[in-house]
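# Coordinate inspection notes
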Amino acid sequence: SYENVKNINHIENHLVDLLGDYIKEEKERLDTLERFQLYVKHSKDYTGPDTYISYPTNQFNVIHRFVADWNNLQDWTNSRNEEISSAFSSYSHSFPDENDVKGAIKAIHRLQDIYKIRASHLARGDPLSSDEGSAQGQPFNVKALLLFIKDAYESEDWQKCAAWGQQAFHQLQTFREHHPSSSLWFDIADHFSFCLYKSGQIKHAVDITAEILEHYPEHERIVGNMEYFNEMVTKGEVEIGESRNKRDTISDEIDNIDLVNDVKEVEITFVPKLYPGADQTILTEEQIDEDIQDKGYKNWGERMKRYKKLCKEYPTLTPKIKQQIDRLVCYYKQNTPRSYLKPLKVEVAWPSPRVLIFYDIINDEEANILMDLAHPRLNRATVHNKHTGKLESADYRVSKTAWLDEDLAEDTMGIVRRVNRRMEDATELSHEYAELQQVNNYGMAGQYEPHYDMATRDEKAFSDHEGGNRVATLLFYMGKTEAGGATVFIDGGARIAPVQNAAVFWYNLLPNGEPDLLTRHAGCPVLAGTKWVMNKWFHVNDQMFTRPCDLKQEKREKDAKLYEGRYTTN
Ligand SMILES: O=C(O)CCC(=O)C(=O)O
Ligand SMILES: [Fe+2]
């Protein structure tokens with residue numbers, strides 16, 4: 001009947017409207033997806049697929065995208081496309097998780113601290129602080145910026161928190177993607193104003209709080225904050241956290257701190273749970289106590305300060321060192337039939353401790369083979385626990401390690417053995433008790449904090465090693481480290497920037513067998529590019545003919561030859 005047709009006509013009208021809504025929604029979703037797809041693709045194409053992850057900001061973005069975007073996308077696309085969903089299920093075990101994001105945030109903060117990079121540069125994807133407008137990748141989005149704010153907030157680094165807050169707030173205002181009604185907007189503004197207050201920038205805190213109140217006039221806590229801040233301003237007094245005296249008065253000077261010029265070094269006047277500056281080194285209370293007893297708390301702080309300074313810049317030279325440096329030499333070394341064919345290029349790079357550099361001691365092909373051999377064998381790096389003598393992993397050594405044996409089946413060209421022989425030519429030390437080649441690949445902002453390679457007097461490491469203590473280190477640089485990653489000798493003041501295919505050499509023990517305490521060294525965080533190093537540790541036993549003991553600490557004939565380049569090519 002007509003009534004029936006009329007009825008189903010109604011139904012169809014309703015359905016066609018619903019379908020319209022659905023299509024609109026799907027289109028919006030697809031638009032968002034397309035924007036995401038193009039954004040990721042273009043940013044990688046722009047930097048170049050290989051160079052993209054050379055930069056820590058891009059590394060962060062990749063890791064963050066998995067947790068913030070790809071995970072959600074997985075749910076949405078799963079029922080729609082078989083190819084994507086099977087790809088997701090086969091890859092999902094290697095997806096980064098929240099912990100990886102946390103590690104990546106710490107890594108960015110480490111670079112910010114050590115290399116004094118402004119939050120504004122990092123936020124726009126420009127860790128190398130190049131000229132305005134030329135970044136090495138895409139900026140951090142506001143969701144990511146909030147994570148940096150929160151991390152700085154949790155470690156009570158108010159200056160840093162305010163600096164990141166400034167970046168996030170600036171983006172919110174510029175792009176207006178997130179409406180003030182969103183919880184993201186609120187979260188950022190809320191943290192930002194609090195960190196401004198804590199870092200002594202109270203007038204700015206009042207401005208931001210006023211802006212929050214425009215959108216959330218009834219918010220009790222914010223209303224309370226505003227009253228409190230205003231009271232502080234009228235009284236002309238402010239309590240700004242643990243880092244300043246309570247009675248510090250607010251002056252225009254404090255208020256005018258240029259936020260974009262962030263990251264100022266704030267003097268630490270309270271006792272932190274972690275060592276100052278070593279915020280990535282999560283030590284147990286017990287370990288901290290031990291270090292305080294062993295070496296004195298102040299020393300550690302001083303050590304970290306020197307480490308950071310040397311990582312960033314070449315040391316200022318005292319007249320004495322300058323005089324010694326003027327006498328340093330470079331020479332070709334031809335001491336064996338092998339090195340007659342291809343002389344070793346040697347530079348005496350630092351006087352005290354004596355550090356030598358052997359240039360082009362390996363070539364690209366050999367380095368690639370060594371890295372390829374190491375790759376499947378990489379494990380999280382370990383360090384000697386100085387009390388038990390056992391090996392364990394620690395956060396102050398952020399890299400992965402593999403040990404290379406001379407008789408690896410895959411090493412068809414015998415590179416490991418050949419390089420071992422060349423090491424003997426270079427160092428003139430016996431390889432008898434040397435350890436296997438130890439290859440290290442540093443991770444994001446990877447570093448190795450100040451340490452000794454040898455056991456110092458009261459440590460247990462190597463006490464039952466048949467070769468005895470580590471007499472010398474030969475450290476190879478492989479891969480291309482574009483910025484950062486220097487090897488620094490914090491007590492001797494040396495800073496060696498990694499040179500691809502070169503190796504640095506130094507004696508850890510004095511001629512009388514005692515540890516040379518000037519050899520404390522560190523690997524600075526990698527700022528751009530990749531850093532691979534390979535260690536060869538020679539042991540003291542079996543060096544009686546190569547570097548005989550000497551009760552006097554003067555350099556003997558053998559050492560002098562190395563240091564002064566007295567290799568004649570008669
Ligand atoms: O990476 C560096 O520059 C130093 C590495 C180091 O000291 C070590 O592996 O023992
Ligand atoms: Fe070392």
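Please refer to the structure higher up on the page.
Summary of the structure given here.

On to the pairing of strand S10 (residues 470–478). When you tally the buried positions in S10, you get nine out of nine residues, the bulk of the element. The sheet contact formed by S10 and strand S17 (residues 532–539) spans eight bridges and is antiparallel. In the strand pairing of S17, methionine 478 is matched with tryptophan 532. With five bridges joining them, S10 and strand S14 (residues 503–507) adopt antiparallel strand pairing. Pairing of phenylalanine 476 across the sheet is with alanine 503, part of S14.

What surrounds ligand 1 is a group of 13 residues, the closest being Tyr442, Thr487, His521, Lys531 and Asn535. A distance of 2.5 Å separates an oxygen atom of ligand 1 from a polar atom in the side chain of tyrosine 442. Histidine 521 places a polar side-chain atom, nitrogen or oxygen, 3.0 Å from an oxygen atom of ligand 1. When contributions to the shell around ligand 1 are tallied by element, the ones reaching two or more residues are strand S9 (448–451), strand S15 (521–523) and S17. Ranked by residue count, the leading element in the shell around ligand 1 is S17, at three residues.

With that settled, the discussion passes to the packing of helix H4 (residues 98–115) against helix H6 (residues 142–154). Two elements in contact, H4 and H6, have axes separated by 10 Å at closest approach and are oriented at 75°. As the angle between them shows, H4 and H6 are arranged roughly perpendicular. Residues Val101, Ile105, Lys106, Ile108 and His109 of H4 form the contact with H6, whose own contacting residues are Leu147, Phe148, Asp151 and Ala152. The class makeup of the residues in the contact of H4 with H6 is six nonpolar, one polar and two charged.

The next subject is the coordination of the iron ion (ligand 2). Taken together, His451 (NE2), Asp453 (OD) and His521 (NE2) make up the protein donors of the iron ion (ligand 2), found 2.1 to 2.2 Å from the metal. Every donor residue of the iron ion (ligand 2) comes from the same chain, spaced as H-x1-D-x67-H. One end of the pair, aspartate 453, is in the loop between S9 and S10; the other, histidine 521, is in strand S15, and 68 residues separate them in sequence. Across the pair, histidine 521 and aspartate 453 agree in class, each one buried.

Our next topic: the packing of aromatic side chains. Summed over the entire model, instances satisfying the criterion amount to 23 aromatic pairs. Aromatic pair phenylalanine 66 and tryptophan 70: ring centres 6.3 Å apart, planes at 35°, arrangement tilted. Within this pair, phenylalanine 66 and its partner tryptophan 70 are both found in helix H2 (residues 56–77), separated by four residues, close to a single helical turn. Given the relative accessible area of 27%, tryptophan 70 is considered partly exposed. The interplanar angle of 50° and the centroid separation of 6.0 Å between the aromatic rings of phenylalanine 169 and tryptophan 185 together place this pair among those described as tilted. Here phenylalanine 169 is found in helix H7 (residues 158–175), whereas its partner tryptophan 185 is found in helix H8 (residues 183–198), with 16 residues between them in sequence. A single burial state applies to phenylalanine 169 and to tryptophan 185, both of which are buried. An aromatic cluster is built from Tyr153, Trp158, Phe194, Tyr197, Tyr228 and Phe229, whose rings are joined through pairwise contacts. The positively charged end of arginine 495 is found above the aromatic ring belonging to tyrosine 314, 4.6 Å away from the centroid. Its end group placed over the ring of tyrosine 507, arginine 547 keeps NZ or CZ at 3.6 Å from the ring centre.

With that settled, consider the state of the cysteines. One pass over the structure, following the stated rule, counts two disulfides. Put simply, cysteine 161 and cysteine 195 are joined by a disulfide, and their sulfur atoms are 2.0 Å apart. Looking along the S-S bond of the cysteine 161-cysteine 195 disulfide, the torsion reads about 70°, which is the right-handed sense. Taken together, the residues span a long stretch of sequence, with cysteine 161 in helix H7 and cysteine 195 in helix H8 at a distance of 34 residues. Given a relative accessible area of 0%, cysteine 161 falls into the buried group. With its sulfur 2.0 Å from that of its partner, cysteine 311 forms a disulfide with cysteine 524.

Here is what the cut-offs are and how they apply
Residues numbered from 1 in each chain as written. Chains lettered and ligands numbered in written order. Predicted model: local features only at pLDDT ≥ 70, side-chain atom pairs only at ≥ 80, totals over all residues. Heavy atoms only, no water. Buried < 20%, exposed > 50% of the residue type's maximum accessible area, 1.4 Å probe, protein only. Helix = DSSP H or I, 4+ residues; strand = E, 2+ residues; numbered from the N terminus. Pairing = 2+ DSSP bridges. Near = heavy atom within 4 Å. Polar contact = N/O pair within 3.5 Å; in protein donor to acceptor, adjacent residues only side chain to side chain. Axes fitted to C-alpha atoms, helices over the stretch in contact; angles between N-to-C directions. Parallel < 35°, antiparallel > 145°, perpendicular 65-115°, else oblique. Contact = heavy atoms within 4.5 Å. Nonpolar A, V, L, I, M, F, W, Y, C, P; charged D, E, K, R; others polar. Donors = N, O, S within 2.8 Å, 3.2 Å for Na, K, Ca; no water. Phe/Tyr/Trp six-rings, centres within 6.5 Å; stacked < 30°, edge-to-face > 60°. Lys NZ or Arg CZ within 6 Å of the ring centre and 35° of its normal. Disulfide = S-S within 2.5 Å.

By themselves, these are just geometric observations and shouldn't be taken as functional.
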